[in-house]
Amino acid sequence: MKKLIKDDNIRRGVTIGVILLLVYWALNNIGTLYLVFNWIISVILPFIVGGVIAFIINVPMRRVEKILLKLRKNKEKPLSNKIFYLIRGMSIFITLLLIIVVISFAMIVVIPQLANTITELIKVLPEQVAHAQNFIMEQLHSVPQLSSFIGNININWDMIISKVMTFVSDGTVGVFISGGFGAITSIISGFTVFIIGFVFSIYILIQKEKLGKQITKVLYAMFKKDKVQRFLNGVEIIDATFSSFLSGQCLEACILGLLFVVCMSICGLPYALLIGVTIAITALIPIVGAFIGLIIGMLLIALVSPLKAVAFLVLFLVLQQIEGNLIYPHVVGNSVGLPGLWTLVALTLGGNLFGVIGMLVFIPIFSIAYTFFRTYINNIYDKKYKNADKN
């Protein structure tokens, strides 16, 4: 019996048989598996959220912590646990404070100006449409049928605004009424998941070195040393890639937004601060994000002056060239190590599968896969041809 168990072919056959039975059972119990999967996700979701929050906060927190370590007195003395955790706590607090300030600033700048712009849009839109009608009629004076048709178009703006406001108010109230207790439960559940995840992320950040040592110890105890080493190297690559992408993208977006604010103010274009902040936020979406800001900016400026909207378009194209050829290569550079072709593929796949979140996540994921595959191919190539050269 022991000889049969040790036989590789028999073991392989038994393994394949067990896998086939499990697949057959799974196909016949998809509904049960779906419920179990949803239950597992609902249980571990706060911890997943906490891990994501901890990773994002950790990127700026490391920089803040380095600064605080440089500023401390008696640098020659070894760092005690009390001082270490004090600096770590201050780093977390300062980082969270900076994040809150940035988000609050964006909301204070964008929301009031956006509300004023919508109000202005409601006032100006009928007049702009009338001007557009007159312009088209003048251009089409040689075609009286079309000119007459356009001239007879009469839009009841009061009725349209009234219907839009009714739809918004009824829709908002209707969602809460129709959802009832379920809607309230979902909101409370989401808030609870975020709070638990946030608290969990703070624990991770405070004791990340200790957690890392514990996980490494478990891996070395359960698996072979070379496999654990490869796994840890992979984790380092993933951490470096995501961290570089996140920090580089945020810095590049801030620089681009500031450039727009300064240049638009110099050129006398309206909504400089609003459009600059909007472009900085949308620029976090690689490649296509800034063009979303372009469309929003042109629509806002066109309400004031179509000629200034054209001037904004020219300014945007100039700043995009500066950003693409000077700022982005130096700020972000090749931090993610992904060629332009694969960046476009990552954006397309991520956008089609998961929307904006997919666009943000797929570039570092593709970069990690590209790095692993490149390392794997280079190792095989070196072993194959370097050994051949030696012989």
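Our subject is the structure that appears above.
Below is a short write-up of the structure. Everything quoted here is computed from the prediction, not taken from an experiment. (Residues numbered from 1 in each chain as written. Predicted model: local features only at pLDDT ≥ 70, side-chain atom pairs only at ≥ 80, totals over all residues. Heavy atoms only, no water.)

## A short note on the pattern of salt bridges
For clarity, the cut-off: The term salt bridge refers to a side-chain nitrogen of Lys or Arg lying within 4 Å of a carboxyl oxygen of Asp or Glu. Here a strand is any run of E in DSSP of at least two residues, a helix any run of H or I of at least four, and the numbering for each starts at the N terminus. Each residue is assigned to one of three classes by its accessible area relative to the maximum for its type, calculated with a 1.4 Å probe on protein chains only: buried under 20%, partly exposed between the two thresholds, exposed over 50%.
Scanning the model with the defined rule gives 4 salt bridges in all. Close ionic contact of glutamate 209 with arginine 88 constitutes a salt bridge, the shortest N to O distance being 2.8 Å. Of this pair, glutamate 209 sits in helix α7 (residues 208-222) while arginine 88 sits in helix α4 (residues 81-139), and the two are 121 residues apart along the sequence. Overall, arginine 88 belongs to the buried group, its relative accessible area being 0%.

## Some remarks on helix α8 (residues 225-267)
Selection rule: The span one expects for a helix is its residue count, reduced by one, times 1.5 Å.
Helix length check: α8 (43 residues) gives 62 Å between terminal C-alpha atoms against 63 Å at 1.5 Å per residue, within 8%. Residue glycine 268 follows α8 closely and has a positive phi angle near 75°.

## Comments concerning the packing of aromatic side chains
Quick note on the threshold: Centres within 6.5 Å are what make two rings of Phe, Tyr or Trp a pair, Trp counting through its six-membered ring; a difference in plane orientation under 30 degrees is then read as stacked, over 60 as edge-to-face, and the rest as tilted.
Under the defined criterion, the tally for this structure stands at 5 aromatic pairs. Where phenylalanine 47 meets phenylalanine 200, the ring centres are 5.1 Å apart and the plane angle is 85°; that geometry is what we call edge-to-face. Pair noted here: phenylalanine 47 is in helix α3 (residues 30-71) and phenylalanine 200 is in helix α6 (residues 157-206), with a separation of 153 residues, a long-range link. Phenylalanine 200 sits in the partly exposed class, given a relative accessible area of 30%. Considering the side-chain rings of phenylalanine 84 and tyrosine 85, the 5.2 Å spacing of their centres and the 75° angle between planes classify their relative orientation as edge-to-face. On the basis of relative accessibility, which here comes to 38%, the residue tyrosine 85 falls in the partly exposed class.

## Quick look at the packing of helix α9 (residues 272-282) against helix α10 (residues 289-304)
Basically, it comes down to this: As a rule, the C-alpha atoms of each element are fitted with a line to give its axis, helices using only the stretch in contact, and angles between N-to-C directions run from 0 to 180 degrees. The scheme is simple: roughly parallel for angles under 35 degrees, roughly antiparallel for over 145, roughly perpendicular for 65 to 115, oblique for anything else. The sense of a crossing depends on the near helix, which, turned anticlockwise from the far helix by less than a right angle, makes the crossing left-handed and, turned clockwise, makes it right-handed. Any two residues having at least one pair of non-hydrogen atoms within 4.5 Å are treated as being in contact. Under the scheme applied, nonpolar residues are Ala, Val, Leu, Ile, Met, Phe, Trp, Tyr, Cys and Pro; charged residues are Asp, Glu, Lys and Arg; polar residues are all the others, including Gly.
Where α9 contacts α10, the two axes come as close as 7 Å, and the packing angle between them is 160°. One way to sum up the angle between α9 and α10 is to call them roughly antiparallel. Here the hand of the crossing between α9 and α10 comes out right-handed. Where α9 approaches α10, its residues Leu274, Ile275, Thr278, Ile279 and Thr282 are matched on the opposing element by Gly289, Ala290, Ile292, Gly293, Ile296, Gly297, Leu300 and Ile301. Grouping the constituent residues of the contact of α9 with α10 by class yields 8 nonpolar, 5 polar and no charged.

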